[in-house]
Amino acid sequence: ETGVTQSPTHLIKTRGQQVTLRCSSQSGHNTVSWYQQALGQGPQFIFQYYREEENGRGNFPPRFSGLQFPNYSSELNVNALELDDSALYLCASSLGLAGGYEQYFGPGTRLTVT
Amino acid sequence: AQTVTQSQPEMSVQEAETVTLSCTYDTSESDYYLFWYKQPPSRQMILVIRQEAYKQQNATENRFSVNFQKAAKSFSLKISDSQLGDAAMYFCAYRSVNDKIIFGKGTRLHILP
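Residues numbered from 1 in each chain as written. Chains lettered and ligands numbered in written order. Predicted model: local features only at pLDDT ≥ 70, side-chain atom pairs only at ≥ 80, totals over all residues. Heavy atoms only, no water.

K.L.:
Any chance you could explain the pattern of salt bridges here in plain terms?
P.N.:
Side chains that differ in sign of charge can pair as their charged atoms come close. Residue and element names in this part refer to chain A. The tally for this structure, following the rule as stated, stands at eight salt bridges over all chains. In this structure, R63 engages E82 in a salt bridge whose closest nitrogen and oxygen atoms are separated by 3.3 Å. Here R63, found in the loop between β6 (53-57) and β7 (64-68), pairs with E82, found in the loop between β8 (74-78) and β9 (87-94); they are 19 residues apart in sequence, far enough to count as distant. Salt bridges sharing partners connect three or more residues here, namely R63, E82 and D85. (Salt bridge = Lys/Arg side-chain N within 4 Å of Asp/Glu carboxyl O. Helix = DSSP H or I, 4+ residues; strand = E, 2+ residues; numbered from the N terminus.)

Following this line, the structure appears as structure tokens:
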């Protein structure tokens, strides 16, 4: 069974640019959640996708957007990058929406905005 | 809105000793889940233990156990027989029945040989 994978591992972008981060969910999982973890902080919920539809969003501006594909992999897109977007971006997959389902996390993508 | 508070930014414990990490949360809901996650330097977030709010019995996973006090909204993690591999950031987290996970700011645990 393959775990959650994310690409790329590290990324450096310039302020104002756009970035796409990718996440492959664990086999059989139809739900993907994205989190932003600033240095020294706990992860903050960005949004969640369930069967290709957005199902819940945290306190992030519209320039953070996402997609989930029929194979349940997912993308996080960030437009007009700002310095404060520098963080570790984590995705997590689960078998469903219910709170009792464990979320399995990927290793994250470290984004640096200069 | 729900909040999770971890009041200990860092803690140290001697190898083989026992340590307790504190967590309090605020919610008006009666049904929810609580978690402790471990994040080692490799960055991978790993579930350590979870507790369903409707269960009165405290969860236990080998050397890890929790003290869940629902009325006090307290959810502490006890690590017994601490090992060097336990060194990591530990995050307390709250999740509603069908909602996102809310994390605390974390406690960095150091294991002293």
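K.L.:
How should the interface of chain B and chain A be read in this particular structure?
P.N.:
The accessible area lost on association of the parts is a frequent measure of interface size. Taken together, the contact between chain B and chain A spans 20 residues of the former and 25 residues of the latter. Both faces considered, chain B and chain A share a buried interface measuring about 1,800 Å² in area, 48% of it formed by carbon and sulfur atoms. Along the contact surface separating chain B from chain A lie five residue pairs in polar contact (both at pLDDT 80 or more). Elements that contribute at least two residues to the side of chain B that touches chain A include exactly β5 (32-39), β6 (46-52), β10 (88-96) and β11 (101-103) of chain B. Looking at the side of chain B that touches chain A, the element that brings in the most residues is β5(B), giving four residues. The residue makeup of the side of chain B that touches chain A, split by class, is nine nonpolar, six polar and five charged. (Contact = heavy atoms within 4.5 Å. Buried area = accessible area lost by both parts, 1.4 Å probe. Polar contact = N/O pair within 3.5 Å; in protein donor to acceptor, adjacent residues only side chain to side chain. Nonpolar A, V, L, I, M, F, W, Y, C, P; charged D, E, K, R; others polar.)

K.L.:
Can you walk me through the pairing of β8(A) in this structure?
P.N.:
Successive residues of a regular strand alternate their side chains across the two faces of the sheet. Residue and element names in this part refer to chain A. For β8, the buried fraction is high: five of the five residues fall into the buried class. The two faces of β8 match: S74, L76 and V78 on one face and E75 and N77 on the other face are all buried. Across five bridges, strand β3 (residues 19-24) lies against β8 in antiparallel orientation. Bridging from a neighbouring strand, L21 pairs with L76 of β8. (Buried < 20%, exposed > 50% of the residue type's maximum accessible area, 1.4 Å probe, protein only. Pairing = 2+ DSSP bridges.)

K.L.:
Is there a simple way to think about the layout of surface pockets in this case?
P.N.:
Space left empty within the atom packing is revealed by a probe, the size of a water molecule, rolled over the atoms. In this structure, the largest pocket spans a volume of roughly 400 Å³. Along the walls of the largest pocket sit 17 residues, with A:P43, A:Q44, A:F45, B:I102 and B:F103 positioned nearest its centre. For the lining of the largest pocket, the element with the highest residue contribution is β11(B), accounting for three residues. Tallied by class, residues from the lining of the largest pocket come to eight nonpolar, seven polar and two charged. By volume, the second largest pocket amounts to about 260 Å³. Lining the second largest pocket are 14 residues; nearest its centre among them are A:Q37, A:R110, B:Q39, B:M89 and B:R108. The residue inventory of the lining of the second largest pocket, partitioned by class, reads seven nonpolar, four polar and three charged. (1 Å grid on protein atoms, 1.4 Å probe; cavity = no way out; pocket = protein on both sides within 12 Å on 5 of 7 lines; lining within 4 Å. Points joined across faces, edges and corners; volume = space filled by probe spheres on them.)

K.L.:
Help me understand unusual backbone geometry, please; the structure alone is not making it clear to me.
P.N.:
Glycine aside, the phi torsion of most residues is negative, and most peptide linkages are trans. Residue and element names in this part refer to chain A. In this structure, the amide linkage connecting S7 to the following residue, P8, adopts the cis form with an omega of -10°. One can find P8 in the loop between β1 (5-7) and β2 (10-13). Residues other than glycine seldom take positive phi values, yet E52 does so here, at roughly 75°. Within the secondary structure, E52 is located in the loop between β5 (44-50) and β6. By relative accessible area, which is 39% here, E52 ends up partly exposed.

K.L.:
What am I meant to see in the environment of A:T14 here?
P.N.:
All names here are of chain A. Structurally, T14 can be placed in the loop between β2 and β3. On the accessibility criterion, T14 (42% relative accessible area) is partly exposed. A C-alpha to C-alpha distance of 23 Å links T14 and C91, two positions 77 residues apart in sequence. Setting aside its immediate chain neighbours within four residues, T14 contacts L81, V113 and T114.

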